[in-house]
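Reading the structure
Chain by chain, the residues:
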Amino acid sequence: MTRSEFDDIRAFLADEATHAGDLLRVARTLIDDLEHARMREAVLRTHYLRLLTAARATVAADTVDAPDPLAFIKHELAERGQLPEDGEAVHRILSDARTAAALLACLEQPVPQRPRGMRLRRCVGTGRTLPR
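Here's what I pulled together on the structure shown here. (Residues numbered from 1 in each chain as written. Predicted model: local features only at pLDDT ≥ 70, side-chain atom pairs only at ≥ 80, totals over all residues. Heavy atoms only, no water.)

Turning our eyes to something else, we now look at the overall build of the protein. When helices and strands are counted, the protein shows four helices and zero strands. Moving toward the C terminus, one meets the helices and strands of the protein in the order α-α-α-α. The proportion of buried residues among the 132 residues of the protein is 12%. Contacts in the protein between residues far apart in sequence, at least 24 positions, make up 55% of those at least 6 positions apart. Counting every atom, the protein has about 11,600 Å² of accessible surface; 60% of that belongs to carbon and sulfur. (Helix = DSSP H or I, 4+ residues; strand = E, 2+ residues; numbered from the N terminus. Buried < 20%, exposed > 50% of the residue type's maximum accessible area, 1.4 Å probe, protein only. Contact = heavy atoms within 4.5 Å. Areas by Shrake-Rupley, 256 points an atom, 1.4 Å probe, with all protein chains shown as cover.)

With that settled, the discussion passes to the packing of helix H1 (residues 3-14) against helix H2 (residues 20-63). In the contact formed by H1 and H2, the axes pass within 11 Å of each other and the chain directions differ by 155°. Between H1 and H2, the angle falls in the class roughly antiparallel. The hand of the H1/H2 crossing is left-handed. Taking contact as the criterion, the partners of Ile9, Phe12 and Leu13 in H1 are, on H2, Asp22, Leu23, Val26 and Leu30. The class makeup of the residues in the contact of H1 with H2 is six nonpolar, no polar and one charged. (Axes fitted to C-alpha atoms, helices over the stretch in contact; angles between N-to-C directions. Parallel < 35°, antiparallel > 145°, perpendicular 65-115°, else oblique. Left-handed = near helix turned anticlockwise from the far one by under 90°. Nonpolar A, V, L, I, M, F, W, Y, C, P; charged D, E, K, R; others polar.)

Below, the discussion takes up H1. In an α-helix, one full turn covers 3.6 residues, which means residues spaced three or four apart are oriented alike. In this model, H1 (twelve residues) spans 17 Å end to end at C-alpha, consistent with the 16 Å of a helix rising 1.5 Å per residue. Where the residues of H1 are buried, they touch H2. (Expected span 1.5 Å × (residues − 1).)

Here the focus is the packing of H2 against helix H3 (residues 71-79). Running from N to C, H2 and H3 cross one another at 155°; their axes reach a closest spacing of 7 Å. Put simply, H2 runs roughly antiparallel to H3. Residues Arg50, Leu51, Ala54, Ala55, Ala57, Thr58 and Ala61 of H2 pack against Phe72, Ile73, Glu76, Leu77 and Glu79 of H3. Residue classes in the contact of H2 with H3 are distributed as eight nonpolar, one polar and three charged.

Okay, here's the thing in structure tokens:
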């Protein structure tokens, strides 16, 4: 959910013309959204754990000079359809990895503080519509 959608919901809840039935519908929708987000998070955590385990096993296999140390990570990537198929894909993936590393480096830099003071609130966006 975007910041704008949260602002829209807050404005809807603060509106004195909003009826109890409307609030109940909003609450049910938010509960459904929360449940969906929790399920998605659980699936992503599982995928992350499998990938992390495969990466650790790959490094461990390389450490003991196993015959095919990449077998673990190749298996995991193949199950997700993520193995590079040709030379062009390899170059694109390497370029994407360099770009991702650069973006992560930027994210790790301290964020400048925004000036404190009055802030104009705008409720704009094309997200969810609220019942009337």
